[in-house]
Structure formats: C-alpha cells, structure tokens
Amino acid sequence: MSRFAYLLGETLQGMRRNVLVVVGAVLAVFVSLSLAFGALAFNQVVRVNTLAWQDGVHIIAFLNDPGASGVAPDAHERLTNDVQGWGEVERVRYVDKAGAWAEFQELFQDRPDILELGNQAQLPASLRIELTDIDLHDSVELRLAQEQQTVSRVSVASNAIQQISQITRVLNVVGIGLSLILGIAAVVLIANTIRLAIYARRDEISIMKLVGASNWFIRVPFILEGMIEGLFGAALAVFAVWVAARPLMGSVSQVEWFRITLSSGFFLRWGVLFVLFGAVAGILGSFLGLSRYLKETEGTTTGRETVPELV
Amino acid sequence: MIRLQDVTKVYDGGTVAVRDLSLDIQKGEFVFLVGPSGSGKSTVIRLLLREEPVTRGHIWVAGKDTTTLPSHKVPFLRRSVGTVFQDFKLLPNKTVAENVAFALEVLGRPKSAIGQQVTQVLQLVGLENKGDRYPRQLSGGEQQRVSIARAFVNRPPIMLADEPSGNLDPGTSVGIMRLLDRINRTGTTIVMATHDHAIVNAMRRRVVQLDEGLMLRDEPVGRYETAEVEA
Ligand SMILES: Nc1ncnc2c1ncn2[C@@H]1O[C@H](COP(=O)(O)OP(=O)(O)O)[C@@H](O)[C@H]1O
Ligand SMILES: [Mg+2]
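It should be emphasised that the depicted structure is a prediction, and the values quoted were computed from it without experimental measurement.

Rules behind the numbers
Residues numbered from 1 in each chain as written. Chains lettered and ligands numbered in written order. Predicted model: local features only at pLDDT ≥ 70, side-chain atom pairs only at ≥ 80, totals over all residues. Heavy atoms only, no water. Core = buried A, V, L, I, M, F, W, Y, C linked by side-chain atoms within 4.5 Å. Buried < 20%, exposed > 50% of the residue type's maximum accessible area, 1.4 Å probe, protein only. Helix = DSSP H or I, 4+ residues; strand = E, 2+ residues; numbered from the N terminus. Contact = heavy atoms within 4.5 Å. Buried area = accessible area lost by both parts, 1.4 Å probe. Salt bridge = Lys/Arg side-chain N within 4 Å of Asp/Glu carboxyl O. Polar contact = N/O pair within 3.5 Å; in protein donor to acceptor, adjacent residues only side chain to side chain. Nonpolar A, V, L, I, M, F, W, Y, C, P; charged D, E, K, R; others polar. Axes fitted to C-alpha atoms, helices over the stretch in contact; angles between N-to-C directions. Parallel < 35°, antiparallel > 145°, perpendicular 65-115°, else oblique. Phe/Tyr/Trp six-rings, centres within 6.5 Å; stacked < 30°, edge-to-face > 60°. Lys NZ or Arg CZ within 6 Å of the ring centre and 35° of its normal. Pairing = 2+ DSSP bridges. Near = heavy atom within 4 Å. Areas by Shrake-Rupley, 256 points an atom, 1.4 Å probe, with all protein chains shown as cover.

Student: Would you take a moment to explain the nonpolar core for this structure?
Tutor: Soluble globular proteins tend to bury their nonpolar side chains together. Grouped together as the largest cluster of nonpolar side chains are 75 residues, with contacts concentrated most on B:Phe32, B:Met159 and B:Leu180. Among the elements that line this core, the one with the most residues is helix α9 (residues 215-245) of chain A, at nine residues. The residues touching B:Leu180, leaving out its near neighbours within four places in the chain, are B:Phe30, B:Ile148, B:Met159, B:Pro164, B:Ile190 and B:Met192.

Student: I tried to follow the interface of chain B and chain A on my own but got confused; where do I start?
Tutor: How big an interface is tends to be reported as the loss of accessible area on association of its parts. Contacts between the two partners involve 21 residues from chain B and, on the opposite side, 18 residues from chain A. Of the roughly 1900 Å² buried where chain B meets chain A, counting both sides, 56% is carbon and sulfur surface. When the area that chain B buries against chain A is broken down by residue, the three leading residues are B:Arg78, B:Phe102 and B:Val106, summing to 28%. Run the count over chain B and chain A and you get zero salt bridges. On the surface where chain B and chain A come into contact, there are three residue pairs in polar contact (both at pLDDT 80 or more). In terms of residues, the side of chain B that touches chain A owes the most to one element, helix α2 (residues 74-79) of chain B, which gives four residues. Its residues assigned to classes, the side of chain B that touches chain A shows nine nonpolar, five polar and seven charged.

Student: For this particular structure, what's the right way to read the environment of B:Leu33?
Tutor: All names here are of chain B. Structurally, Leu33 is set in strand β3 (residues 30-34). On the basis of relative accessibility, which here comes to 1%, the residue Leu33 falls in the buried class. Those residues within four positions of Leu33 in sequence are excluded, and the remaining contacts are Lys41, Val44, Val191, Met192, Ala193, Thr194, Val208 and Leu210.

Student: Explain the packing of helix α8 (residues 202-210) of chain A against α9(A) to me, please; I cannot follow it from the model alone.
Tutor: In helix packing, the relevant descriptors are the interaxial angle and the interaxial distance, both defined with respect to the helix axes. Residues and elements named next belong to chain A. Between α8 and α9, the shortest axis-to-axis distance is 10 Å and the interhelical angle comes to 150 degrees. Here α9 runs roughly antiparallel to α8, going by the angle between their axes. Residues Ile205, Met208 and Lys209 of α8 lie in contact with α9, whose contacting residues are Phe217, Ile218 and Phe222. A per-class count over the contact of α8 with α9 returns five nonpolar, no polar and one charged.

Student: Just checking my understanding: could you explain the packing of aromatic side chains for this structure?
Tutor: All names here are of chain A. Counting across every chain of the model gives seven aromatic pairs over all chains. For the pair Tyr6 and Phe217, a centre-to-centre distance of 5.9 Å together with 25 degrees between the ring planes defines the contact as stacked. Here the residue Tyr6 occupies a position in helix α1 (residues 2-17), and Phe217 occupies one in helix α9, the gap between them amounting to 211 residues. Measuring from ring centre to ring centre gives 5.6 Å for Phe266 and Phe267, while their planes differ by 80 degrees; the resulting arrangement is edge-to-face. Just as Phe266 is buried, Phe267 falls in that class too. An aromatic cluster is built from Phe37, Phe266, Phe267 and Phe274, whose rings are joined through pairwise contacts. One Lys or Arg, Arg202, reaches over the ring of Tyr199 and ends 4.0 Å from the middle of that ring. One Lys or Arg, Arg219, reaches over the ring of Trp216 and ends 4.7 Å from the middle of that ring.

Student: Teacher, can you tell me more about the sheet that holds strand β1 (residues 59-63) of chain A here?
Tutor: Backbone-to-backbone hydrogen bonds join strands into a sheet, with any given pair of strands oriented parallel or antiparallel. Residues and elements named next belong to chain A. The strand order across the open sheet formed by four strands is β2-β3-β1-β4, and the pairing between neighbours is antiparallel. The strands lining the two open edges of the sheet, one partner per strand, are β2 (89-95) and β4 (151-156). For this sheet the average axis-to-axis angle between neighbouring strands, irrespective of direction, equals 20 degrees. As paired strands, β1 and strand β3 (residues 126-131) are joined by four bridges and run antiparallel to one another. Within β3, the residue paired with Ile60 across the bridge is Arg128. Against the sheet, helix α3 (residues 75-85) touches β1, β2, β3 and β4, its axis set at about 165 degrees to β2.

Student: How do you make sense of the site of ligand 1 when you look at a structure like this?
Tutor: Residues and elements named next belong to chain B. Surrounding ligand 1, one finds Tyr11, Thr15, Ala17, Pro36, Ser37, Gly38, Ser39, Gly40, Lys41, Ser42, Thr43 and Arg46. In the model, an oxygen atom of ligand 1 is placed 2.9 Å from a nitrogen or oxygen of the Lys41 main chain. At 2.7 Å from an oxygen atom of ligand 1 is found a side-chain nitrogen or oxygen belonging to Ser42. Relative to its unbound accessible surface of 560 Å², ligand 1 loses 63% to contact with the protein. It is helix α1 (residues 41-48) that contributes the most residues to the shell around ligand 1, four residues altogether. The residue makeup of the shell around ligand 1, split by class, is three nonpolar, seven polar and two charged.

Student: What am I meant to see in the sheet that holds strand β1 (residues 2-10) of chain B here?
Tutor: Residue and element names in this part refer to chain B. An order of β2-β1-β4-β5 is seen for the four strands of this open sheet, with the pairing classed as antiparallel. Among the strands making up the open sheet, the edge pair consists of β2 (16-25) and β5 (64-65). Where strand β4 (residues 56-61) lies against β5, two bridges are found, and the strand directions are antiparallel. Looking across to β5, one finds that Trp60 is bridged to Asp65. This element, α1, spans β1, β2 and β4 of the sheet and lies at about 115 degrees to β1.

Interpretation in functional terms is not warranted from these geometric data alone.
Laid out in structure tokens, this is it:
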C-alpha cells in the first residue's frame, strides 16, 4: 500500500511539473467525450419519443385483444401473415401487449406517477408496418379498415416523425464517426503527453534503471497519469452534458408530443460507462506513449538526444 | 564473481569494440580496466550491466548468465551491481540524502529502513553533514562521493566504476580512490575503467589492459605503462 502511495505521489508530482500538457490531454478527452455523450443523449431523447416509429415504420395498426367480441384466438397471427403478403408492404412486425408495455415503461421511465396509472392489460398489441413506398399508405389504410373486427385504430407516421427518424439516422452515423475520430485523437494526445512526461523525467528514469527498479515500477506512474487524465476528461464531459441538459429536461417542445426526457438512470448508467471508457482510453494512450520506451527497456539512457516528436 | 568467456561486441555501425575477451574476476578483487580512449573499457562495463547485448560469448555476473537473462530479470541483475560514472548522474532537484534514498525508494524499500541506511552510507563517504545540500552546492569530488554512496547504499556485492575520477583534479581523485579502496575492503568486488596512470600505478592492483577491444595483458599487481598515448 505504501508502495502504491509512493507511485501515486510520483505520478502527481510528475503531472504538476507539466500542468499545461496535462490540461491539454484532459481537454482533448473532455471535448471528444462530451460530443459523444451529447450525441448519445440527443439520440436517447429522439429514440424515446419515436420509439414506436423506429426502423422506418410508416403505419401502426392497433389490434383488439383476442377473445374480445368477434376476434378469433389466432386473429393476430392470421392478420400479420395477411399483411405480410400485401404488395405495398415491405415488412411487418408484430408487437404484443408485453412489448407495448415495455415501450411505455421506457417512454415514461422518469415519470413514476404515469407508470403507476398504466398496466400491461391496457395496452393493445399492434402491427408495425413498413411500406415499399410511403405514398401507398392510403391504400394500406383502406385495406386495414376492412379488418375492423381485429384492427381498432390505424396510425400513420406524420411528416415530422419521418423527418426526425431520418435525421437521427444521419446523426447516428455522423455522431459515431465523429466520436470515433475524436476518441482516437484523445488517445493520441494522451500518448503524446506521456511521451513528453517520459522525456521530462528521462534522467530520473535512467537512474531508476541503473539501480535496478523493475520495469513496472517505472511504468506505473505513467499509466496512472494517462488513466487519471482519461478519467477526469470523461467525468467532466458527463457533467457538462448533464448541466446542459438540465434546463431542457421535463420541458415540452413546440411539437406537443415531443418530450425531452433523460432519466437520472440514463445518466448514471451511461455516465459510469463513459468514465470507464475514458480511463481505458487513457491507459491505452499511456501504453502507446510508452511503446517506444518499452522497446528499449534495457538500456539506461532514455532518448537523451532526441526530443519526442509530436504526433 | 564475474566471468567473461570469448566475449565479442560489434556495434550496429560495425565497430568491433571488444574482441574475444575472456576474464575471471574473483569475489573481493579490485580490477583496473585500462587502455586509451576507444579501447573498449566502457563497452565492457555496459556489457556487464546488460545495457548492451553481447554479439558472441557469455558473461556471468554474481552467478547469473547475463547473456541469456530474460529482460524482465535485468533489474535484479542491476540490484547486485552498484555503478559510478564520470558524470555522477545525480538528480539536480533532489538533495544529497534524497538522491541516495531514491535508489532504495525505486526498489520499493520501506521508508523506515531507508532513512537509517542513507545516514549510514553518507557517514561512510564523509558527507553526513551535507545531506540537505543540493548537488550544485557541492564540489566535484563531493558529488562523486554522493554517487558512490548511491551505488553502495544497497550493499551490492559488485561495484562498477567508469572513469570515476575523469572529471576530478588529482588531489580529489586520491580521496575517491581511498573511498573505493575502503569499499573494496568490505568484500565488494570492484571493476574500474580508467586511463589515469597515476592512480593505477599508486594502487598496485590487478590491471587488465585493452587496446582496440583486444586484451593486451592481465597482471595481478600491475602498473599502467606510461608509453600509452591518450586520445
Ligand atoms: N553506442 C555505440 N555505437 C557504436 N559504436 C560505439 C558505441 N559506443 C562505443 N562505440 C565505439 O566502440 C569503441 C569502444 O568504445 P568505448 O567502449 O566507449 O571505449 P573507451 O571507454 O575505452 O573509451 C569505440 O570505437 C567507440 O567509437
Ligand atoms: Mg569510456
């Protein structure tokens, strides 16, 4: 334990000597992860609001429960098969009552008062229909109307929803791509910080090697440094998104049905994951920064003549 | 304690620094490695520390074949070998006592034991009153004493010194040699590379002379012939 305390002390002392570089690395992680976390949060809001309309669903047909007046026990199954056979239909997905309840729970996960009112029995099963062409929705609506015994209500995606799900799909790709690039940049920046830290302490390192310090004893402070930088940057990112999202939370946008909700469960779950990811990215960066040093681990001189190049 | 068997070292550039060198050094011996600049003295020291791999041959240090030692065990080899260099290699931002303690800290020794060992070794080298000074506040000879203290604080069975008096005036060198002699009398094996004639001739110890990597002579009580031309 005292040994770990010693290594941690060495780490912090080394970081104090290079405050600017350390701040740079933390900021890099912060910027990349807050963008990624922000994109994730935005995505979550849209996803919850358009839950039923995911994957290009154009029409939702709510169904009467089997056993209700004139609905045969196999009516749902039969209708699903029928609709699948229609020329206008690209794909159909059957969501039973349990699936509907799960969706409802996710949509109102931060509203226990609403969840209390609902239960599985009240929510109807439904067919989620994707059309080969959105212009064909009239004809499909007509055909569904003829199944009035089984079908209780038909809902067609509004233009707004269609646009939003299209935008989220684009945002998903852009967000993932951007986060990936920025994540890599953060790792590289941490690697660079570690390389500079090694350079700043090259005399100490060469003496440590000379007197027989084990390789891990030499490496651990640098790995700790990278980990701390990643951890801090990620924690800052989660905190920043939380602060930015707070005033919006619970509010209702102009579009009446669009509720901006991010539960504390979401922040907790993803926040912890992001902080862990930051730490892992930091450790990865440290190893990258140490890689050249690891190769020449035997000699007691640490690149005295060569200033490490900036990646 | 140290044994070299047909050791050849060729550097990447093609320079043959050591040629077929065989040498046996017993426990407690004091051996001078002499020869003009570029004759391969420092290379031998580096090979003994496994700072460089041998090209051919075998080297045993403190019972271990260093040429086949896996690299993660190299630190343990170095713990049994204290090293002293011409340029002292002290850390300028640490005090004398901290510089010496550093050698024990990085081996993970408990703090309680370190303080006592540092005091003892500073007494041995005659710097017990200067533990709080920084290296820049010391003379060259005193700085070299600190580096000897650091090399010896862990009580290694072997000490290697590469031109320890190279940066010192003759009077100061005598003091350093007395210190190394004292350490040698505690049973520590010492190998010292030097091209300082006066020192070698005054000490009357075993002399191994190199020239362009070849061993010219190996005498149990040798002198350094004055005919050598230094580069
Ligand atoms: N790292 C190195 N790379 C290539 N050649 C080297 C290296 N170190 C030393 N040499 C060469 O090896 C020979 C022996 O050098 P060295 O062992 O330093 O001699 P000495 O210590 O006796 O002056 C010299 O010719 C020197 O130029
Ligand atoms: Mg030399």
